Amino acid sequence: MASLSCSGPWLVPLVLVVAMATFQLQALLAAGARGGKGRTPTAGFEKVQLGDGDFQVQSPYNVPESQRFRYRNGVRTFWVYKDDKPFNTATHTNPRSEVKVKGHEYSSGVWQFEGYGYVPAGTSGVSVMQIHNPEGDAHSTVLMLHVYDGVLRFYSGAAVEPDIYDRWFRLNVVHDVGASTVAVYVDGKEKFSTTVIPSSSYYFKFGVYMQHHDQSSCMESRWTNVTLYTKH
């Protein structure tokens with residue numbers, strides 16, 4: 001039988017946990033909606049209209065997409081196993097199940113990713129969100145947010161948010177192209193910022209992409225209400 005996610009074998013004991021997480025997500029969404037001007041990272045930004053076709057799933061080539069990705073009730077669930085194949089036969093990159101937001105590449109202005117994420121306990125050694133450069137660049141990304149043992153980190157370095165497991169969180173990532181800076185907000189509060197190496201263009205990704213150390217046997221993240229914003 002196809003795996004339902006990393007949490008699949010324990011679905012019955014997890015019913016209460018899922019119910020609590022759903023309640024917590026609803027409260028978080030309501031809190032975000034109540035945020036007034038100047039109290040939210042999206043203040044002053046224009047919302048980018050996204051369609052279902054803008055969310056391009058990349059998953060291991062040797063199994064059906066439905067065995068590594070699910071979209072249900074507005075929630076996208078991604079999971080991979082440590083020994084999974086890459087997303088196509090032409091690459092030797094690590095296993096992934098993630099979305100590339102296509103059709104909204106950018107090269108100027110200030111752009112922002114917003115999404116409500118959830119990482120189940122046990123997931124480790126994985127990127128859950130990226131700002132990606134075009135193919136062929138010396139550096140593949142200007143930002144990756146990794147999870148190691150319950151801590152959200154900028155790549156494998158600075159801690160962005162502790163205790164990320166088993167709770168919904170609101171993630172905002174602001175990329176100022178002209179200033180070559182990125183800032184990361186969790187639940188409306190700035191938690192990290194840094195300068196980055198500029199590139200010719202960029203796009204956003206989210207899901208799970210296995211990294212090179214401290215990986216769990218299965219890696220999972222869930223996302224809802226993913227939105228892009230921009231200002232020029």
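Analysis parameters
- Residues numbered from 1 in each chain as written.
- Predicted model: local features only at pLDDT ≥ 70, side-chain atom pairs only at ≥ 80, totals over all residues.
- Heavy atoms only, no water.
- Pairing = 2+ DSSP bridges.
- Helix = DSSP H or I, 4+ residues; strand = E, 2+ residues; numbered from the N terminus.
- Axes fitted to C-alpha atoms, helices over the stretch in contact; angles between N-to-C directions.
- Buried < 20%, exposed > 50% of the residue type's maximum accessible area, 1.4 Å probe, protein only.
- Salt bridge = Lys/Arg side-chain N within 4 Å of Asp/Glu carboxyl O.
- Phe/Tyr/Trp six-rings, centres within 6.5 Å; stacked < 30°, edge-to-face > 60°.
- Lys NZ or Arg CZ within 6 Å of the ring centre and 35° of its normal.

Trainee: How do you make sense of the sheet that holds strand E7 (residues 126–132) when you look at a structure like this?
Mentor: Paired through backbone hydrogen bonds, the strands of a sheet run either parallel or antiparallel to each other. Here seven strands make up an open sheet; going across it, the order is E2-E5-E14-E7-E8-E9-E10 and the pairing antiparallel. Edge positions in the open sheet fall to strand E2 (55–58) and strand E10 (159–161), since each of these has one partner strand only. Shown here is a sheet whose adjacent strand axes are inclined to one another by a mean of 20°, direction ignored. Pairing geometry for strand E8 (residues 141–148) and strand E9 (residues 151–154), over four bridges, is antiparallel.

Trainee: Honestly, the pairing of strand E5 (residues 96–101) in this entry has me stumped. Any pointers?
Mentor: Consecutive side chains along a regular strand alternate between the two faces of the sheet. With respect to burial, E5 is a largely interior element, six of its six residues being buried. Burial along E5 is two-sided: Arg-96, Glu-98 and Lys-100 and Ser-97, Val-99 and Val-101, pointing in opposite directions, are all buried. Strand direction decides the pairing type here: E2 and E5, joined by four bridges, are antiparallel. Of the residues in E5, the one forming a bridge with Val-57 is Val-99. Pairing of E5 with strand E14 (residues 203–210), which is carried by five bridges, proceeds in the antiparallel orientation. Each residue of the ladder has a partner; that of Ser-97, found in E14, is Val-208.

Trainee: I keep staring at the pattern of salt bridges and nothing clicks. Help me out?
Mentor: Between side chains of opposite charge, a pair can form when the charged atoms approach closely. Per the stated rule, a full pass over the model turns up eight salt bridges. The closest approach of N and O atoms between Arg-68 and Asp-84, which form a salt bridge, is 2.8 Å. Highlighted residues: Arg-68 in the loop between E2 and strand E3 (69–72) and Asp-84 in the loop between strand E4 (75–81) and E5, separated in sequence by 16 residues. Taking relative accessible area as the criterion, Asp-84 reaches 12% and is therefore assigned buried. Salt bridges here are not isolated pairs; linked through shared partners, they connect Glu-161, Arg-167, Asp-187 and Lys-191.

Trainee: I'm lost on the packing of aromatic side chains in this one. Help?
Mentor: Two aromatic rings, taken as a pair, are described by how far apart their centres are and by the angle between their planes. What the rule picks out here adds up to 14 aromatic pairs. Seen in terms of ring centroids, Tyr-118 and Trp-168 are 5.4 Å apart; in terms of plane orientation they differ by 50°. Their pairing is tilted. Here Tyr-118 is found in strand E6 (residues 110–118), whereas its partner Trp-168 is found in strand E11 (residues 168–176), with 50 residues between them in sequence. On the basis of relative accessibility, which here comes to 3%, the residue Tyr-118 falls in the buried class. Its relative accessible area of 5% is what places Trp-168 among the buried residues. Clustering of aromatic rings is evident, with ring pairs tying together Phe-55, Phe-69, Phe-78, Tyr-106, Trp-111, Phe-113, Phe-169, Tyr-202, Phe-204, Phe-206 and Trp-223. Cation over ring: Arg-76 sits above Phe-55, and NZ or CZ is 3.9 Å from the ring centre. Taking the ring centre of Tyr-209 as reference, the NZ or CZ of Arg-96 above it sits at 4.1 Å.

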